[in-house]
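Spelled out, the chains give:
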Amino acid sequence: MNSHSSTGVTGFIEIFEGRLNKMKLHLKAELSKVKHERDKKTIKRIVGDARKLNKTLKEMRQVATKLCPHCGEKI
């Protein structure tokens, strides 16, 4: 992956984190309902989307971190 193309994408990290937090709140609201009132499809969709978004965020953070040119550790 080219470092120039990835630097522009890292600006979206905060936006995606906000979206992930909204998903978590939505999931908590759904889970706080009485069990027979919960919508299983909605819960599964939110959990799946949150997992994908979390994975994407981890990858974006990894690209954004500065590494030492000598030992490869995070700076």
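By convention here, each chain's residues receive numbers from 1 onward along its written sequence. Local features are withheld for residues below a pLDDT of 70 in this predicted model, meaning they are given only at 70 or higher, and side-chain atom pairs are given and counted only at 80 or more; totals for whole chains, interfaces and linings count all residues. By convention in this description, side-chain values take in all heavy atoms of the structure and omit both hydrogens and water.

Caption draft 1: Focus on the confidence of the model for the chain. Confidence in the prediction of the chain, expressed as mean pLDDT, is 86, and 88% of residues score 70 or more. For every residue, the pLDDT score states the predictor's confidence, bounded by 0 at the bottom and 100 at the top. Helix numbers and strand numbers start at the N terminus; a helix is a DSSP run of H or I with at least 4 residues, a strand a run of E with at least 2. Here helix α1 (residues 3-9) stands out as the element of the chain with the lowest mean pLDDT, 52, in contrast to helix α2 (residues 13-31), whose mean of 95 is the highest. Two residues qualify as a contact provided that any one of their heavy atoms is within 4.5 Å of a heavy atom in the partner residue. In this model, residues 1-6 is a region of pLDDT below 50 whose contacts with residues beyond four sequence positions or in other chains number two contacts.

Caption draft 2: Here's a closer look at a positive patch on the surface. Only residues whose relative accessible area exceeds 30% and that form no salt bridge enter a patch; like-charged residues are grouped when within 9 Å of one another, and nonpolar side chains (Val, Leu, Ile, Met, Phe, Trp, Tyr) when within 5 Å. With residues, only the protein chains shown are counted as cover, and all accessible areas are computed by Shrake-Rupley using a 1.4 Å probe. The term salt bridge refers to a side-chain nitrogen of Lys or Arg lying within 4 Å of a carboxyl oxygen of Asp or Glu. Only four residue types enter the charge count, namely Lys and Arg as positive and Asp and Glu as negative; His and the chain termini do not. In this description, the location of a charge corresponds to atom NZ of lysine, CZ of arginine, CG of aspartate or CD of glutamate. There is a patch of like positive charges on the surface, built from K35, R38, K40 and K44. Structurally, K44 is set in helix α3 (residues 40-64).

Caption draft 3: Quick peek at the nonpolar core. Residues I13, L20, M23, L27, I43, I46, A50, L53, L57 and M60 constitute the largest nonpolar core, which totals 10 residues. With six residues, the top contributor of residues to this core is α3. If we skip the residues at most four places from it in the chain, I43 touches L27, E30, L31 and R38. Nonpolar cores were defined as sets of buried Ala, Val, Leu, Ile, Met, Phe, Trp, Tyr and Cys residues, with membership established by side-chain atoms within 4.5 Å. Only protein chains enter the accessibility calculation, which uses a 1.4 Å probe; a residue is then buried when its area is under 20% of its type maximum, exposed when over 50%, and partly exposed in between.

Caption draft 4: Representation of the environment of K58 within the structure. Structurally, K58 is set in helix α3. Taking the relative accessible area as the measure of exposure, K58 reaches 56% and is therefore exposed. It is 9.5 Å that separates the C-alpha atoms of K58 and I13, two residues lying 45 residues apart in sequence.

Caption draft 5: Representation of the side chain of E30 in the model. Here E30 is to be found in helix α2. Not counting residues within four places of it along the chain, the set of residues in contact with E30 comprises E37, R38, D39, T42 and I43.

Caption draft 6: Structural context of the pattern of salt bridges. Going through the model one piece at a time under the given rule, you end up with two salt bridges. For R61, the salt bridge identified is with E17, shortest N-O distance 2.7 Å. Here R61 is found in helix α3, whereas its partner E17 is found in helix α2, with 44 residues between them in sequence. The partly exposed category is assigned to R61, whose relative accessible area is 34%.

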